[in-house]
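One letter stands for each residue in the lines below.
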Amino acid sequence: MKKFLLILCLIFGISIPANCANVGKFNILLTPDNSTFKNCHCYRINNNSFISIDTKVNNIIYSILNIDTNKYSAQGKINGYSEADILPLKNGKIFIFGKNNPANDMPADAYVCIFNPNDNTYSKTAKIPYPTFGTSLLELNNGNILVTGANYKHDKVLEYDIKTNTFIQHPDLKEKRFGHKSIEIEPNKILLLGGEGKNIEIYDLNNNTSEIIDIGLKTVNWGKNTKLYSIGNNNYLFFTKRVFNETDGSLTEATQIIDPENPKSGYEKFYYRDYIGILNLQNKTIEEIIPDEKFKLSGYDIELLPNNKVLIAGGTYSSVRNGLVTLNTAKTYDLKTKRLISVDSKMNFPRETHKILKINENKYLIYEGINDNSVFLKPEIFVYTSSK
């Protein structure tokens, strides 16, 4: 049957339908308590478990779910963090860096927290030099944790020594940013991209120097933390919100204060949209991946699949007939062939402003987000089945 359809397409000059790509299936994740997925962030722990974290005033609420058994292995809270950044470590533990709210006689100081999901215990270690959030956390090859940027003092560079539980403070970044992503491109050589920032930056921890790469990639955070992946040959896949100087009908108009540290500095107008790109560090160029040229999608999310493919799921587009439409469809983009193909299976719910988390090579958690009626949506799993 597929061969017959292909022949028809060739004879009549019809493009092959996008739904010919059966690369996976979406299944509802039947969790014991869906309320744990409201206003949360999820982080992978191992090949079948993840932790859902909701930062409340003065504490962190967490739930660890095993997707194979559909049971929580642990639930609880960690006191003392009104805002926090989370990083799962290679040893299975979780690094927490943040700030607390000096209320209810709690001190304004905050401490690094190391949480162990295996026995549901945690310890608070070094005092954080400047309690804040909106940083990028990165586990270095030497086992230490690099903390860059922040929501308020967002040009700082800290290295947390995991063995001595102390901080090493490096010289500041050349540009302030938060909501960005960092990745180690060489031992102690860090690429920073996205979030609130005007340029790409490469920071060398060996000699405490920094290089700005100005290729016109100005970005904003606006609720979408950057995703950044190494895809080989000095190329890096990224997903962020890119700022443009002029609108072309597909951009969102916004204003923000010019200098966050100076409230009287006034506001600037700018235009932005979700942007998937490939950065080539050798040539210092970027190439855009367009998820849907026809509809100009926004509010979608991505995740890197095996075999050099990218999952692009959900989002909204503006329809003249129907207004703003939220999608339950997904596409894959092949980084080798540069082909964009629709996934045969559809999500169980139309979603926008959702998140996608890789659990293992075959399962990807899709959670949060809203539909056209702003209804809270159950989480679901995308099961990737293609081996091609």
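Thresholds applied
- The written sequence of each chain sets the order in which its residues are numbered from 1.
- Per-residue local features of the predicted model are confined to residues with pLDDT of at least 70, and side-chain atom pairs are confined, for both listing and counting, to 80 or more; whole-chain, interface and lining totals are unaffected and use all residues.
- Computation of side-chain values: all heavy atoms of the structure, hydrogens and water removed.
- Each helix is a run of H or I in the DSSP string that is no shorter than four residues. Each strand is a run of E no shorter than two, and both are numbered from the N terminus.
- With a 1.4 Å probe rolled over the protein chains alone, any residue whose accessible area is under 20% of its type maximum counts as buried; one over 50% counts as exposed, and the rest are partly exposed.
- It only takes one pair of heavy atoms within 4.5 Å for two residues to be counted as in contact.
- Note on areas: these come from Shrake-Rupley sampling with a 1.4 Å probe, and a residue is covered only by the protein chains present in the view.
- Stacked, tilted and edge-to-face are the three classes assigned to paired rings of Phe, Tyr and Trp, where Trp is represented by its six-membered ring and a pair needs centres within 6.5 Å; plane angles under 30 degrees give stacked, over 60 edge-to-face, the rest tilted.
- A ring is scored as having a charge over it whenever the NZ atom of a lysine or the CZ atom of an arginine sits within 6 Å of its centre and within 35 degrees of its normal.
- In this analysis, strands are considered paired if DSSP registers two or more bridges between them.
- Angles here are taken between N-to-C directions and fall from 0 to 180 degrees, while the axes themselves are lines fitted to C-alpha atoms, restricted in helices to the stretch in contact.
- Salt bridge, as applied in this entry: a Lys or Arg side-chain nitrogen positioned within 4 Å of an Asp or Glu carboxyl oxygen.
- Scored from 0 to 100, pLDDT reflects the predictor's confidence in each residue.

A. A look at the overall build of the chain. The helix and strand inventory of the chain stands at one helix and 32 strands. The buried share among the 388 residues of the chain stands at 52%. Considering only intrachain contacts with a sequence separation of at least 6, the fraction spanning at least 24 residues in the chain is 48%. Surface exposure of the chain reaches about 19,100 Å², of which carbon and sulfur atoms provide 48%.

B. Region of the structure containing the packing of aromatic side chains. Under the defined criterion, the tally for this structure stands at eleven aromatic pairs. Ring geometry for phenylalanine 270 against tyrosine 272: centres 5.8 Å apart, planes inclined by 40 degrees, an arrangement best described as tilted. In terms of burial, phenylalanine 270 and tyrosine 272 fall into one category: buried. Members of the aromatic cluster, connected to one another through ring pairs, are Phe95, Phe97, Tyr130, Tyr160 and Phe167. Lying over the aromatic face of tyrosine 275, arginine 242 brings its terminal NZ or CZ to 5.0 Å of the ring centre.

C. Local environment of the sheet that holds strand S3 (residues 49-56). Reading across the sheet, the four strands line up as S2-S3-S4-S5 and stay open at both edges, with antiparallel pairing between neighbours. In this open sheet, the two edge strands, each paired with only one partner strand, are strand S2 (41-44) and strand S5 (71-79). Sheet twist, expressed as the average angle between the axes of neighbouring strands with direction ignored, equals 20 degrees.

D. Layout of the pattern of salt bridges. Under the counting rule described, the total for this entry stands at 15 salt bridges. Between glutamate 287 and lysine 338 there is a salt bridge; the shortest N-O distance is 3.2 Å. Of this pair, glutamate 287 sits in strand S23 (residues 285-289) while lysine 338 sits in the loop between strand S28 (330-334) and strand S29 (340-342), placing them 51 residues apart in sequence. Note on glutamate 287: relative accessible area 35%, which makes it partly exposed. Sharing partners across several salt bridges, the network here consists of Lys227, Asp301 and Glu303.

E. The sheet that holds strand S14 (residues 181-186), seen in detail. Pairing within the open sheet is antiparallel, and its four strands lie in the order S14-S15-S16-S17. Each end of this open sheet is capped by a strand with a single partner; those strands are S14 and strand S17 (209-213). The mean inter-strand angle of the sheet, taken between neighbouring strand axes irrespective of direction, is 25 degrees. The pairing of strand S15 (residues 189-193) with strand S16 (residues 200-204) spans four bridges and is classified as antiparallel. Note on S16: the bridge partner recorded for isoleucine 190 is tyrosine 203.

F. Focus on the side chain of asparagine 280. As for its position among the elements, asparagine 280 is in strand S22 (residues 267-280). For asparagine 280, the contacting residues outside a window of four places in its chain are Asn234, Asn235 and Thr285.

G. Looking closely at the environment of proline 171. Mapped onto the secondary structure, proline 171 falls in the loop between strand S13 (166-170) and S14. You can call proline 171 partly exposed: its relative accessible area is 39%. Along the chain, proline 171 and threonine 209 lie 38 residues apart, while their C-alpha atoms are 8.0 Å from each other. What proline 171 contacts, discounting residues up to four positions off in sequence, is Val157, Tyr203 and Asn208.

H. Representation of the confidence of the model for the chain in the model. When pLDDT is averaged along the chain, the result is 87; 89% of the residues meet or exceed 70. In this model, residues 1-19 is a region of pLDDT below 50 whose contacts with residues beyond four sequence positions or in other chains number nine contacts.

I. Highlighting the environment of histidine 154. Within the secondary structure, histidine 154 is located in the loop between strand S11 (145-148) and strand S12 (157-161). Put simply, histidine 154 and threonine 132 are 22 residues apart on the chain and 9.3 Å apart in space, counted from C-alpha to C-alpha.

J. A look at the pairing of S12. For S12, the tally of buried residues reaches five of five residues, placing the bulk of the element in the interior. Where S11 and S12 come together, four bridges link them in antiparallel fashion. Bridge assignment links isoleucine 145 to a residue of S12, and that residue is tyrosine 160. Bridging between S12 and S13 involves five bridges; their strand directions are antiparallel. Directly across from leucine 158, in S13, lies its bridge partner glutamine 169. In textbook terms, the turn of a hairpin is the stretch between consecutive antiparallel strands, and for S12 and S13 this stretch comprises four residues, one of which, asparagine 165, has a positive phi near 55 degrees.

K. Looking closely at the environment of proline 187. Among the secondary structure elements, proline 187 is positioned in the loop between S14 and S15. Judged by its relative accessible area of 58%, proline 187 is exposed. Here the alpha-carbon distance between proline 187 and leucine 205, two residues 18 residues apart in the chain, equals 8.8 Å. Those residues within four positions of proline 187 in sequence are excluded, and the remaining contacts are Asn141 and Asn206.

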